[in-house]
Amino acid sequence: MFHLFSGLDFWIGVSLVLALTFVLAFEFINGFHDTANAVATVIYTKAMPPHLAVMLSGIFNFLGVLLGGVGVAYAIVHLLPVELLINVDTGRGLAMVFAMLAAAIAWNLGTWYFGIPASSSHTLIGSILGVGLANALMTDLPLAAGVNWGKAIDIGLSLVASPIAGFLAAGCLLLLFKRWWPASKMHKTPEQRRELDSKKHPPFWNRLILVLSAMGVSFVHGSNDGQKGIGLIMLVLIGIVPAQFVLNENSTSYQIDRTRDAATHLSAFYMRHQPTLDDFLAISKNRNESTDLPEQFHCHPQLTLATIDALQNDLQGVTHYDELSPEKRITVRRYLLCLDDTAKKVAALDGLESRDRADLHRLRADLTATTEYAPFWVIVAVALALGIGTMVGWRRVVLTVGEKIGKQGMTYAQGMSAQLTAVAAIGMANVFSLPVSTTHVLSSGVAGTMIANRSGLQGSTVRNILLAWVLTLPASMLLAAALFWIGVQISG
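What counts and how
Residues numbered from 1 in each chain as written. Predicted model: local features only at pLDDT ≥ 70, side-chain atom pairs only at ≥ 80, totals over all residues. Heavy atoms only, no water. UniProt positions renumbered as here; feature names shortened; annotations may be inferred. Helix = DSSP H or I, 4+ residues; strand = E, 2+ residues; numbered from the N terminus. Buried < 20%, exposed > 50% of the residue type's maximum accessible area, 1.4 Å probe, protein only. Polar contact = N/O pair within 3.5 Å; in protein donor to acceptor, adjacent residues only side chain to side chain. Contact = heavy atoms within 4.5 Å. Core = buried A, V, L, I, M, F, W, Y, C linked by side-chain atoms within 4.5 Å. Domains from an automatic or database assignment. Patch = residues over 30% accessible without salt bridge, like charges linked within 9 Å, V, L, I, M, F, W, Y side chains within 5 Å. Areas by Shrake-Rupley, 256 points an atom, 1.4 Å probe, with all protein chains shown as cover. Salt bridge = Lys/Arg side-chain N within 4 Å of Asp/Glu carboxyl O. Disulfide = S-S within 2.5 Å. Phe/Tyr/Trp six-rings, centres within 6.5 Å; stacked < 30°, edge-to-face > 60°.

You'll find the protein chain entered in an unreviewed UniProt entry as Phosphate transporter, with Bordetella genomosp. 4 given as the organism. As stated in UniProt under Catalytic activity (unreviewed entry), the record for the protein chain gives "phosphate(in) + H(+)(in) = phosphate(out) + H(+)(out)". Of the protein chain, the UniProt comment under Sequence similarities (unreviewed entry) reads exactly: "Belongs to the inorganic phosphate transporter (PiT) (TC 2.A.20) family. Pit subfamily."

Things to note about the overall build of the protein chain
Check the secondary structure of the protein chain and you find 20 helices and zero strands. Taken across its 492 residues, the protein chain has 53% of its residues classed as buried.

Points about the side chain of Thr370
Among the secondary structure elements, Thr370 is positioned in the loop between α16 (354-367) and α17 (376-404). A polar atom in the side chain of Thr370 sits 3.0 Å from the side chain of Tyr321. Apart from the residues within four sequence positions on either side, Thr370 is in contact with Leu247, Asn248, Ser251, Gln255, Thr259, Tyr321 and Leu336.

A few points about the side chain of Asn61
Mapping Asn61 onto the fold places it in helix α2 (residues 50-67). A distance of 2.8 Å separates the side chain of Asn61 from the side chain of His221, its partner in a polar contact.

Description of the nonpolar core
By size, the foremost hydrophobic cluster in this structure holds 94 residues, and its most contacted members are Met96, Ile230, Leu237, Leu266 and Tyr270. Per-domain counts for this core show at least three residues from each of domain 1 (9-244 + 376-491) and domain 2 (253-286 + 293-369). Residues within four places of Leu266 in sequence aside, it is in contact with Ile308, Leu339, Ala343, Leu360, Leu363 and Leu367. Ala47, Phe177, Ala214 and Ala452 belong to the second-largest nonpolar core, a separate cluster that totals 18 residues.

Examining a nonpolar patch on the surface
Taken together, the side chains of Val160, Ile164, Phe167, Leu168 and Ile451 define a hydrophobic patch exposed on the protein surface, amounting to about 420 Å² of accessible area. Take the nonpolar patch: its biggest share by element is four residues, from helix α7 (residues 149-180).

Considerations on the state of the cysteines
A full pass over the atoms with the stated rule returns one disulfide. Two residues share a disulfide in this structure: Cys299 and Cys338, whose sulfurs sit 2.2 Å from each other. Taking the torsion about the sulfur-sulfur bond, which here is approximately 90°, the covalent link between Cys299 and Cys338 counts as right-handed. Of this pair, Cys299 sits in the loop between α13 (283-288) and α14 (304-315) while Cys338 sits in helix α15 (residues 326-347); the two residues are 39 residues apart in sequence, bridging distant segments of the chain.

Comments concerning the pattern of salt bridges
One pass over the full model with this rule turns up nine salt bridges. Its salt-bridge partner being Asp314, residue Lys328 comes within 3.4 Å of it at the nearest N-O pair. Residue Lys328 is found in helix α15, and its partner Asp314 is found in helix α14; the two are separated by 14 residues along the sequence. For Lys328, a relative accessible area of 33% corresponds to the partly exposed category.

Some words on the packing of aromatic side chains
We describe a pair of aromatic rings using the distance from one ring centre to the other and the angle between the two ring planes. Counting across every chain of the model gives five aromatic pairs. On the basis of an interplanar angle of 80° and a centroid distance of 5.7 Å, the ring pair of Phe22 and Phe98 is categorised as edge-to-face. Remark: Phe98 occurs in helix α5 (residues 91-113) and Phe22 occurs in helix α1 (residues 10-44); sequence separation between them is 76 residues. Ring centres of Trp180 and Trp181 lie 5.8 Å apart, and the angle between their planes is 85°; this geometry places the pair in the edge-to-face category.

A few points about the environment of Ile29
Topologically, Ile29 is positioned in helix α1. For Ile29, a relative accessible area of 5% gives the class buried. Sequence separation between Ile29 and Ala106 is 77 residues, and the spatial gap between their C-alpha atoms is 9.9 Å. When neighbours within four sequence positions are excluded, Ile29 is seen to be in contact with Ile105, Asn108 and Leu109.

Pasting the structure below:
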């Protein structure tokens with residue numbers, strides 16, 4: 001990774017170090033919040049010693065990040081409108097990155113200090129929305145164009161639905177445990193186990209399930225939340241050293257051919273569906289008149305065919321991205337992001353059959369195959385930041401999850417129900433590349449088991465969690481918007 005600094009101006013190098021530090025600090029604090037939830041139940045129930053639990057959690061987080069792909073990473077990134085993404089190598093783009101990270105870190109530290117299981121996912125998403133809306137206001141764009149609202153709605157639904165599903169599923173799972181094994185020792189709390197059975201640890205099978213499910217939560221957390229840090233680091237690298245990172249320099253000639261072929265097939269697709277897409281893409285006009293791209297490139301549906309021609313021309317005969325100049329690589333990335341954005345909008349139009357939408361989805365995957373990636377060292381750095389954060393800040397959250405959500409301590413069966421539900425919910429979100437909150441899924445699962453167990457909830461803790469859940473989005477949006485405005489003024 002040290003080759004990043006070769007040939008860089010001193011102050012640009014300082015900006016790069018500072019930006020990467022900000023991202024890793026965010027992931028470190030994410031460990032306070034989210035990864036601590038992954039080991040909260042297994043530590044509280046004495047199924048594992050704390051330090052062994054957090055060490056193994058760090059390992060499984062690492063594996064989750066390593067094997068999880070980058071789908072969630074770029075789902076977060078693409079909350080921003082494509083016009084801001086294609087110009088991320090400007091001062092405004094760097095102000096965007098710093099504003100998002102500073103706002104997210106500030107809110108996360110505040111909620112962690114008070115031991116409130118707030119969501120790093122909500123914080124980051126709120127910061128991104130705040131920057132997008134502020135950018136729209138500052139550039140006289142309509143607010144509707146400030147954020148990718150289609151993606152925002154999808155993510156919002158996943159963030160709202162996942163804790164509700166966790167609450168219901170965990171409660172139902174506990175009721176099944178009570179029905180199938182009503183007299184089992186799994187329904188004891190750690191205190192009852194120590195007082196009645198004179199034993200410190202859970203029964204063997206309960207302990208095994210608690211340990212395995214905790215590691216499962218760590219794994220799916222790494223493959224979901226860890227990717228958010230990956231996406232942010234890629235924004236930083238593209239913004240500060242674009243020549244090296246706008247395109248995957250390790251792309252094979254086959255992958256570049258797939259990208260070029262995808263553009264060719266995309267053009268053929270639009271021609272084939274001209275009656276349906278003519279108004280949106282101005283196909284007839286562009287076929288009859290030669291349309292050139294403006295000198296200052298911007299993404300517009302009616303420039304799509306011209307963008308495809310320009311991309312094919314730039315990639316003609318290219319077998320490795322090193323053959324392109326740094327400026328040309330930036331241009332190619334802009335073309336690819338623009339074509340992907342337009343294809344996504346086309347897929348949402350009426351008049352296309354489901355198989356046509358599936359074809360567009362596959363073409364989009366080929367178009368972005370060499371832009372949506374992450375170097376291995378980025379993945380390792382994020383995984384380490386998450387693991388170290390877990391080891392430092394787990395105590396506050398463990399106490400909240402174990403004792404302060406319900407009026408009684410958590411039983412082994414409740415811990416298993418909450419963790420198994422969290423693994424399933426977050427794992428399903430990973431399949432569909434949707435970011436969810438480990439904090440909210442697990443804490444709502446614990447709350448669901450408390451209701452199912454007729455233990456009752458502690459009103460003050462639940463109120464604080466709900467208050468943080470409600471305030472996180474608007475607070476992080478306002479803070480990020482203010483910091484973005486300040487950053488743009490400073491950068492000129």
